[in-house]
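Structural description and commentary
Here's the letter readout for the chains.
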Amino acid sequence: MIKVAPSILSADFANLQRDVQMAENAGADALHIDVMDGQFVPNLSFGMSTVADLRPVTSLMLDCHLMIMDPERFVGQFAKAGADLIGVHVESTRHIYHALQLIKDAGVKAEVVVNPGTPLSMISELLPLVDQVLIMTVNPGFGGQHFLDQMVAKIAALNELKQQHGYRFEIEVDGGINDQTVKACYDAGATVAVAGSYVYDSADPAQRIQDLKVATN
Ligand SMILES: O=C(CO)[C@H](O)[C@H](O)COP(=O)(O)O
Ligand SMILES: [Co+2]
């Protein structure tokens, strides 16, 4: 069964505590927090103060997906705010290895993220270091986009590398996840699924979290 990390990008920001606690009560495994700077992606969202405010209201693991340029400038502050895992895009910095080392030095789980157009060869040297790899299944920046089917082969290729070398990282997928696409990702080797609009744009978001789990059971 896949682990589910609802993305609060599609939550009601005026009722964020309610929407986070709903996810926790519904059996979510983590909370996905999309941080955008208007530079790396053409959108703005949350910062570290949102992470700090959410920390005391949930015991869910806080999975912070940084879609910002030169993320090494901020990883210390996100760790201090209460992040449990910090994801940085390989495309967002000249010093990705250093950024991941900074995350680990801060005592937080480290994740490398790859955009749809970025080949896995860009992250091969990083695989022994990371706790999680995030394969973007949409172009980053917005919720509610369509899943890119071509990414299923990329997930399978990453899982092949994982098995071949005995790596222990989790494989997360993000973008366009619903009860159909989650199964294709799970079958290809994904272990964690982010879902924003599928969960929060529903009349019964708690049921949707369960639906994702049932689809991969
Ligand atoms: O990183 C993201 C966008 O850049 C979001 O996590 C993702 O898009 C979730 O939204 P949805 O499930 O609606 O596609
Ligand atoms: Co995300």
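All of these numbers come straight from a predicted model, not from anything done at the bench.

Looking now at the UniProt feature "active site" (unreviewed entry) in the protein. When the UniProt feature table is mapped onto this chain, "active site" (unreviewed entry) is found at D34 and D174. These annotated residues cover 141 residues of sequence, and their C-alpha atoms lie no more than 10.5 Å from one another, placing them together at a single site. Position of D34 among the secondary structure elements: in strand β2 (residues 30-36). According to the relative accessible area criterion, D34 is buried, its value standing at 4%. Beyond its immediate sequence surroundings of up to four residues, D34 is in contact with S7, L9, S45, F46, H65, M67 and D174. Secondary-structure assignment places D174 in strand β7 (residues 170-174). Ignoring sequence-local partners within four residues, the contact set of D174 consists of H32, D34, H65, L134, I135, M136, T137, V138 and V194. Only 3.1 Å separates the side chain of D174 from the side chain of H32, close enough to count as a polar contact.

This paragraph deals with the site of ligand 1. Around ligand 1, 19 residues are found, and the nearest of them are D34, G141, G144, D174 and S197. In the model, an oxygen atom of ligand 1 is placed 3.3 Å from a nitrogen or oxygen of the H32 side chain. At 3.2 Å, a backbone N or O of F142 approaches an oxygen atom of ligand 1. Within the complex, 100% of the 370 Å² of free accessible area of ligand 1 lies under protein. Of the residues contributing to the shell around ligand 1, the split by class is seven nonpolar, ten polar and two charged.

Calculation notes
Residues numbered from 1 in each chain as written. Chains lettered and ligands numbered in written order. Predicted model: local features only at pLDDT ≥ 70, side-chain atom pairs only at ≥ 80, totals over all residues. Heavy atoms only, no water. UniProt positions renumbered as here; feature names shortened; annotations may be inferred. Helix = DSSP H or I, 4+ residues; strand = E, 2+ residues; numbered from the N terminus. Buried < 20%, exposed > 50% of the residue type's maximum accessible area, 1.4 Å probe, protein only. Contact = heavy atoms within 4.5 Å. Polar contact = N/O pair within 3.5 Å; in protein donor to acceptor, adjacent residues only side chain to side chain. Near = heavy atom within 4 Å. Areas by Shrake-Rupley, 256 points an atom, 1.4 Å probe, with all protein chains shown as cover. Nonpolar A, V, L, I, M, F, W, Y, C, P; charged D, E, K, R; others polar.

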